[in-house]
Amino acid sequence: MRVSIIGGGYVGLVSAACMAGLGHSVMLIEIDENKVEAINSAKSPIYEKGLAELLSAHVGRNLLATTSYENLARSDVSLICVGTPPLPDGSADLSMIESASTLIGKALANKEKYHVVAVKSTVPPGTTQNLVMPAVQKHTGKNAGKIGFVMNPEFLREGLAVHDFMKPDRIVIGSSDVRAGDVFESVYQGIDAPIIRTGLIAAEMIKYASNAFLATKISFSNEIGNVCKKMGIDVYEVMSGVGLDHRINPHFLNAGVGFGGSCFPKDVSALISLAEKMDIAPVLLRSVMDVNEKQPQKIVEILLRRVGDLKAKRIAVLGLAFKNDTDDVRESRAIPVIKELVGRGALVAAYDPKANASMSAILPEIEYCGSASHALTNADACLVLTEWPEFADLDKEFDLMRSRVIIDGRRVLSCRDAEGICW
Ligand code: UDX
């Protein structure tokens, strides 16, 4: 099939590369000319395992990036993958969705053949029906009946996005009518996964509910962990026993300093905002966010108990990214922790294998080190905030500290004298 994808962020670029890998002819429409140039030179603007190989194999053959919508009508399916960042009140900013829909409508104004417009961006339930469809149909006039609409949420984890695209647990296809869904299913030909066919709004809600549930599992584990720590028992032992129940499963029960990233905080907040607009009190979801907001403070409380006043104390922070295998620091739990340390007069020496540069754009006032050893040298204490596997090997490096006060926020250390945030 000929597929046009709007938005070359991590969802759009990964989807474009994977769809080219499935044999489709893909045109990626991206407003950032530098990104377009990089992609057309098979240079990926983001790191995702397996993405560079897909770009090298398909760019110039059945994958092309452009800033223009002029050839969109030649495709059979258009996929909207633009960002929906949170507004100050927590609701989703849909301005890029609206502009993409309008430009798609204009590009399809004279197309006679049937076309499917699909939304892959994470959008509040009701958006495809109430915003995308009218914005497209406003410009297609007589041909409005020749356009079908689909909502196809993504479930891609950063760092594993190519894997998650090619080996999904499920494919969700919400559609305005059966024909649109049938046409869109062909996009996933060659991928072996259960397909859920449903309506547009239900598909949007499946995405939000999935992320909100995963975030709930994490906050649940953290709340149990905070109780376990007071009782002197290991929450990881407890949750491994809980997770063996097939109805619960072991995944996303790792207690620690909380969840970050561009998705969980944004999606849970958007769902809370949606419920409140309907005069429904999202008590559970508010608690999920409340536990997550408070968790970073727990690690600071332990630090204060161990070293007292932080003024002029050198505190090593290992791990800045919101999780391992990425340089992304969006909503990273390291941000509130470091702000609290700096606010108490501590001298923070930070190290992350990939995210030093990203974090220095947000917190320029702290020291960034090129290695864990550099950060640990003469430190009064050390906090571990990201689950980088390389931190598991640290032990003798902690002898570089003035005192071995080591607090692990991600259960990643193997040294015996580390204290856990909630274990
Ligand atoms: C998430 C969802 O997993 C993915 O399906 C969705 O499409 C996008 O959002 P992502 O945000 O990339 O993916 O990261 P994920 O691996 O889910 O981790 C999110 C955060 O939760 C990280 O900060 C991670 O450290 C934390 N986490 C994860 C825990 O604290 N405990 C866990 O058990 C798992």
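Considering the site of the ligand
Taken together, 20 residues are adjacent to the ligand, and Glu158, Lys207, Phe322, Lys323 and Glu387 come closest. The separation between an oxygen atom of the ligand and a polar side-chain atom of Lys207 is 2.9 Å. Here Arg410 contributes a side-chain N or O atom positioned 3.1 Å from an oxygen atom of the ligand. For the ligand, the cavity whose grid points lie within 2 Å of the majority of its atoms is the largest pocket. For the shell around the ligand, the leading source of residues is helix α8 (residues 200–231), giving 3 residues. Partitioning the shell around the ligand into residue classes produces 9 nonpolar, 4 polar and 7 charged.

Describing the environment of Gly258
Here Gly258 is to be found in the loop between α9 (235–243) and α10 (264–277). Remark: the alpha-carbon pair of Gly258 and Gln295, spanning 37 residues in sequence, is separated by 6.1 Å. Leave out the neighbours within four places in its chain, and Gly258 touches Asn222, Asn292, Gln295, Arg333 and Arg410.

Remarks on the sheet that holds strand β11 (residues 367–368)
Whenever strands of a sheet pair, they do so through backbone hydrogen bonds, lying parallel or antiparallel. Read from one edge to the other, the open sheet built from 6 strands follows the order β11-β10-β9-β12-β13-β14, with strand pairing classed as parallel. Either end of the sheet is taken by a strand with one partner, and the two such strands are β11 and β14 (418–420). Two elements, strand β13 (residues 406–408) and β14, share 3 bridges in a ladder whose sense is parallel. Each bridged residue has a counterpart across the sheet, and for Ile407 the counterpart in β14 is Glu419. Contacting β9 (314–318), β12 (381–384), β13 and β14, helix α11 (residues 283–307) runs over the sheet at an angle of about 165° to β12.

Quick word on the layout of surface pockets
If you add up the space inside the largest pocket, you get close to 1,400 Å³. Along the walls of the largest pocket sit 50 residues, with Arg157, Leu214, Phe252, Phe264 and Lys323 positioned nearest its centre. No other element matches α8, which puts 7 residues into the lining of the largest pocket. Tallied by class, the residues present in the lining of the largest pocket amount to 22 nonpolar, 13 polar and 15 charged. Here the second largest pocket defines a volume of roughly 1,100 Å³. Around the second largest pocket, the lining is made up of 48 residues, and of these Gly9, Tyr10, Val82, Gly83 and Arg330 lie nearest the centre. Counting residues per element, the ones that place at least two in the lining of the second largest pocket are α1 (10–21), α4 (95–107) and α10. The leading source of residues in the lining of the second largest pocket is α4, at 4 residues. Considering only residue class, the lining of the second largest pocket consists of 22 nonpolar, 14 polar and 12 charged.

Focus on the domain arrangement of the protein
Per the domain assignment, the segments making up the protein are domain 1 (2–207) and domain 2 (264–420). When each unit is reduced to the centre of its C-alpha atoms, the spacing between domain 1 and domain 2 is 35 Å. At the junction of the two partners, domain 1 supplies 13 residues and domain 2 supplies 15 residues. Roughly 1,000 Å² of surface becomes buried between domain 1 and domain 2 when both sides are summed, with 58% attributable to carbon and sulfur atoms. A per-residue breakdown of the area domain 1 buries against domain 2 is headed by Tyr47, Gly90 and Glu158, which together make up 40% of the total. Taken together, the links from domain 1 to domain 2 amount to 1 salt bridge. A salt bridge links Arg330 to Glu158; its shortest N-O distance comes to 3.3 Å.

A word on the packing of aromatic side chains
Between two aromatic rings, the relevant description is the distance of the centres plus the angle of the planes. What the rule picks out here adds up to 6 aromatic pairs. Between Phe252 and Phe264, the ring centres sit 6.2 Å apart and the planes meet at 70°, which makes this aromatic pair edge-to-face. Of this pair, Phe252 sits in the loop between α9 and α10 while Phe264 is found in helix α10, placing the two residues 12 residues apart along the sequence. Aromatic ring contacts, followed pair by pair, group Phe165, Phe184 and Tyr188 into a single cluster. It is Lys354 that lies over the ring of Tyr47; its NZ or CZ is 4.5 Å from the centre.

Considering the side chain of Thr84
With respect to the helices and strands, Thr84 occurs in the loop between β4 (77–80) and α4. Of note is the side chain of Thr84, whose polar atom sits 2.8 Å from the backbone oxygen of Thr122. If sequence neighbours within four positions are ignored, Thr84 has contacts with Ala92, Asp93, Leu94, Ile97, Ser121, Thr122, Val123 and Lys266.

Some thoughts on a nonpolar patch on the surface
A surface patch of nonpolar side chains, amounting to about 340 Å² of accessible area, comprises Val227, Met231, Ile233 and Val238. Summarising the element assignment, Val238 is placed in helix α9. For Val238, a relative accessible area of 31% corresponds to the partly exposed category.

Definitions and cut-offs
- Residues numbered from 1 in each chain as written.
- Predicted model: local features only at pLDDT ≥ 70, side-chain atom pairs only at ≥ 80, totals over all residues.
- Heavy atoms only, no water.
- Near = heavy atom within 4 Å.
- Polar contact = N/O pair within 3.5 Å; in protein donor to acceptor, adjacent residues only side chain to side chain.
- 1 Å grid on protein atoms, 1.4 Å probe; cavity = no way out; pocket = protein on both sides within 12 Å on 5 of 7 lines; lining within 4 Å.
- Sits in = over half its atoms within 2 Å of the grid points.
- Helix = DSSP H or I, 4+ residues; strand = E, 2+ residues; numbered from the N terminus.
- Nonpolar A, V, L, I, M, F, W, Y, C, P; charged D, E, K, R; others polar.
- Contact = heavy atoms within 4.5 Å.
- Pairing = 2+ DSSP bridges.
- Axes fitted to C-alpha atoms, helices over the stretch in contact; angles between N-to-C directions.
- Points joined across faces, edges and corners; volume = space filled by probe spheres on them.
- Domains from an automatic or database assignment.
- Buried area = accessible area lost by both parts, 1.4 Å probe.
- Salt bridge = Lys/Arg side-chain N within 4 Å of Asp/Glu carboxyl O.
- Phe/Tyr/Trp six-rings, centres within 6.5 Å; stacked < 30°, edge-to-face > 60°.
- Lys NZ or Arg CZ within 6 Å of the ring centre and 35° of its normal.
- Patch = residues over 30% accessible without salt bridge, like charges linked within 9 Å, V, L, I, M, F, W, Y side chains within 5 Å.
- Areas by Shrake-Rupley, 256 points an atom, 1.4 Å probe, with all protein chains shown as cover.
- Buried < 20%, exposed > 50% of the residue type's maximum accessible area, 1.4 Å probe, protein only.

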